[in-house]
Amino acid sequence: IVFQIDLKNADPERVEKQIEKLFDIPICECVRISAKQGTNVEKVLQKVIEKIPPPQCNTADPLKALVFDSTFDHYRGVIANIALFGGEIQKGHKIVSAHTKKRYEVNEVGILTPNEQPTHKLYAGQVGYLIAGMKEVTEAQIGDTLFLYKQPVEPLPGFKSAKPMVFAGMYPVDQTEYNNLKSALERLTLNDSSVTVHRDSSLALGAGWRLGFLGLLHMEVFNQRLEQEYNMSVILTAPTVPYKATLSSAKLIKEYGKTEITIINPAQFPDKLSVSEYLEPTVLGTIVTPHEYIGKIIALCQDRRAVQKDMLYIDEQRVMLKYLFPLNEIVVDFYDALKSLSSGYASFDYEDAGYQAADLIKMDILLNGNPVEELATIVHNDKAYATGKFLCERLKDAIPRQLFEIAIQAAIGKKIIARETLKAYRKNVVAKCYGGDITRRMKLLKRQAEGKKLMRKIGNVEVPRDAFIHVLKRQNDN
Amino acid sequence: LCPQWPYCRKRCSYCNFNKYVVPAVDEAAVGACLVREARTLIRLSQVHSITSVFFGGGTPSLASPRTIAAVLEAIAGAAHLPAGAEVTLEANPSSTGTSRLAGFRAAGVNRLSVGVQSLDDAELRLLGREHTAAEARGASRGAWARGLEAALGLCDDHISLYQLTLERGTALAAQVSGGTLPKPPQDLLADMYETARAMLVAAGFRHYEISNFARKGALSTHNLSYWRAEQYIGVGPGKPGCQGAGGGGCARPQDSIVLPPVIAGAHGRFVPRGEGGCSREARVQTLEPNAWMREVQSQGHGTRRRAVLSPLEQLEEVLALGLRTDEGITHERWGHFSPYLSLEAVFGVPGEAKVLQEQGWLLLDGSGLRCTWVGLALLDSLLPDLLCQLQRR
């Protein structure tokens, strides 16, 4: 289907040629449509009926239903969208979830027209919805198989969800909010299954998650929904990636019980001497772009330490590039940078490409010589200086001036690679304080005194509680 | 005692004090109310003797000598006002002709506090001041030093030096945040302060408070009593003591502290023994002059708010005010507010104060607790720590 043919710069012929070249689909098979104008939409339906094979299933078989989506309704509970691959289902049937093993009684079944329309029964080959008294969001897992009680079947393979392109660490502002955030995330992801969720934790911010989104906008909308619908405000950070190391020290191998370990926490980073090799996760990325953006895109990829694997022209106008990327270079903002550079025309897809050897180092952040454990990061040597400088600058903004100078440094082992200096106060006093009512001044002073009680002392430097948040949070995009 | 005359001819761009620019002031009415409220509050406090009087506001020199005389007479009538008591009047250079000054002298004023923002015409226009003199804003250390020298040439034996504070809600703050006026860098301000201190000390002045210098013993009794947390009574609407309390010239480099909008009337700290009270109270008089006058006429005084200060709150004030002076807080003065817990007991034990002493900002010895020469300029960095330590005891 070639769509949006109503647009001014639409060129259906060219697109059809590309499709033929790329996918070997003859031009005559393409249906040109405009959803806006309604052109040929009927034809799509016909083609679907013609071309898509009917489901191979039998109503005589035992019930086998795939849950492919679900929504949560306050009054009726979980509404699961199902596709029946065998048997039939109706109100009153007792069903079991292959995933949770829980039993339910069916309250209602129906079809989607696209509104819910209750029916008496659903048969194999049909797609519809089901309400069965499920109360918790986790009870209707997408990809789950439902069968009749006492008639278990082989669970259907679940399906692959859309690939996330942008990742972020998400933490509650305060650890006491952890459970609230957990349930908010569960609810939100039930209705938005394209968000991937993994547990994660940070020394500075506590327990949290690593989430994957389809794009930056997706992430922003998700964040807004959290705030508006669940009243949760969160800290978003750049996500962590799982690095690995091949140990060479017999002692450590014994300690961990294996030669290859996964490093999740910078504190666990084994020393160079004990390691024969560090490894970073990589992906093979495929970019398709109009040729006018090639230069900028190649530069972007090189900046992200990617190695070109292939480049081919798929027609006179477009190029397909394949690059091997270190995962950590693309998880934050690569996708959006690519889109910006190419005015949205470039596309990106990726797949896991295993691990590659990498020159990784652990970078420490020091305050007047004392290391701040929470801010230690694992970074590739090539990017150490830039990252170090960035962290030092951010930290400088987050700490108030004190009675002595504060040296903020980024270090690799003993070597200092970046530095910012926070100068000492030379004058900090309210000039006129005679005859003016001191009540207001006292309030301010007492508030400052309270603030001091909450500060952490690292060496002799007083650090506010939210200083780390300020350093670690995702930069607001321009 | 601090009577307030809240009226001015013009509003300066940096001012957020409670002042009113009205074309015609019913002087007789305001004067009568000041007299009435002064009598009422003196009686309420049961104070026997008044050590100093400070006419602030506004521009008190806009009031007639007759009104000033009337207020002084009322005070002398309600309590003992010794012959040599310090009586200060704040004056604007343009509203004080010689005959007028003579009138004030006859009324009993023996000290004048002249507010001068700068000896620079352009700068003054910028600040919205009525009077004039000469130099561009964007002060440099050299220009600042020259300005000081000029002021030194003009002044008597007392100088107050106030950095212009950007108060939210003032025209000046709007100009700076809007970008029409630049904010000077913190280091320059620190330099200017150091230059000023050095110059004035070299000229024989004693740096007796963060912003106040005096030679030949000409310290301001009134303000000293404030910093020593003695009792004081505020009369009238509006804040007492506007720019330039202290007599002589004042020059102001610009600061960049922006405080939230302040709305306070005349205020006081005393024990209302006349009502049977036995605790020191923080009191504020009604802001708006007309409302204030109505209250005075019907109830004898226009006190808008009063709150008893707990012993801890009193000590906090003693600390915050006392450390501003070079003598600091004497053991005796502390004992007056804290009979059971000496300075040693609170600050002599291991804790924040000891650390600050080791670092050279603070001194605790036989005379009392005070800041060192360098510590004085950093008082606001020291106070929160000391308050924490005090609160723990």
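The rules we used
Residues numbered from 1 in each chain as written. Chains lettered and ligands numbered in written order. Predicted model: local features only at pLDDT ≥ 70, side-chain atom pairs only at ≥ 80, totals over all residues. Heavy atoms only, no water. UniProt positions renumbered as here; feature names shortened; annotations may be inferred. Helix = DSSP H or I, 4+ residues; strand = E, 2+ residues; numbered from the N terminus. Buried < 20%, exposed > 50% of the residue type's maximum accessible area, 1.4 Å probe, protein only. Contact = heavy atoms within 4.5 Å. Areas by Shrake-Rupley, 256 points an atom, 1.4 Å probe, with all protein chains shown as cover. Expected span 1.5 Å × (residues − 1). Pairing = 2+ DSSP bridges. Core = buried A, V, L, I, M, F, W, Y, C linked by side-chain atoms within 4.5 Å. Domains from an automatic or database assignment. Axes fitted to C-alpha atoms, helices over the stretch in contact; angles between N-to-C directions. Parallel < 35°, antiparallel > 145°, perpendicular 65-115°, else oblique. Nonpolar A, V, L, I, M, F, W, Y, C, P; charged D, E, K, R; others polar.

Going by what an unreviewed UniProt entry lists, chain B is known as RSAD1 protein and is assigned to Baryphthengus martii.

In the annotation of an unreviewed UniProt entry, the entry for chain A reads GUF1 factor, and the organism field reads Baryphthengus martii. Turning to chain A, the UniProt annotation filed under Sequence similarities (unreviewed entry) states: "Belongs to the TRAFAC class translation factor GTPase superfamily. Classic translation factor GTPase family. LepA subfamily."

Bringing the overall build of chain B into the picture now. Of the regular secondary structure elements, chain B holds 15 helices and 16 strands. Relative to its full complement of 393 residues, chain B shows a buried share of 60%. Taking the contacts inside chain B whose residues are at least 6 apart along the sequence as the reference set, 71% of them involve residues at least 24 apart. If you sum the accessible surface of chain B, you get close to 15,300 Å²; carbon and sulfur atoms cover 55% of it.

Our next topic: helix H3 (residues 178-191) of chain A. All names here are of chain A. Relative to the 20 Å expected for 14 residues at 1.5 Å per residue, H3 spans 21 Å between its end C-alpha atoms, a close match to the ideal helical length. For H3, the complete set of buried residues consists of Tyr 178, Leu 181, Ala 184, Leu 185, Leu 188, Thr 189 and Leu 190. Close packing links the buried residues of H3 with strand E1 (64-73), strand E11 (166-172), strand E12 (196-202), strand E13 (206-213), helix H4 (216-230) and strand E14 (234-237).

All right, on to the sheet that holds strand E15 (residues 362-364) of chain B then. All names here are of chain B. Taken in spatial order, the 3 strands line up as E14-E16-E15 in an open sheet, and their pairing is antiparallel. With partners counted over all chains shown, the strands left at the sheet margins are strand E14 (329-330) and E15, one partner each. As paired strands, E14 and strand E16 (residues 368-371) are joined by 2 bridges and run antiparallel to one another. Counted as the bridge partner of Ile 329 is Leu 369 from E16.

Attention now moves to the nonpolar core. Met170(A), Phe222(A), Leu226(A), Ile287(A), Phe325(A), Phe334(A) and Phe348(A) are the most contacted members of the largest nonpolar core, which has 55 residues in total. Domain assignment of the residues forming this core places at least three in each of domain 3 (166-236) and domain 4 (245-357) of chain A. Formed by 45 residues, the second largest nonpolar core is a distinct cluster that contains Ile438(A), Cys2(B), Tyr193(B) and Leu319(B).

Helix packing for two helices is described by the angle between their axes and how far apart those axes are. At a minimum axis distance of 11 Å, the contact between helix H10 (residues 439-454) of chain A and helix H10 (residues 311-322) of chain B shows a crossing angle of 95°. Taken together, H10(A) and H10(B) sit at an angle that is classed as roughly perpendicular. Counting all contacts with H10(A), which are made through Met442(A), Leu445(A) and Lys446(A), the residues of H10(B) involved are Glu313(B), Glu316(B), Glu317(B) and Ala320(B). Of the residues assigned to the contact of H10(A) with H10(B), the class counts are 3 nonpolar, no polar and 4 charged.

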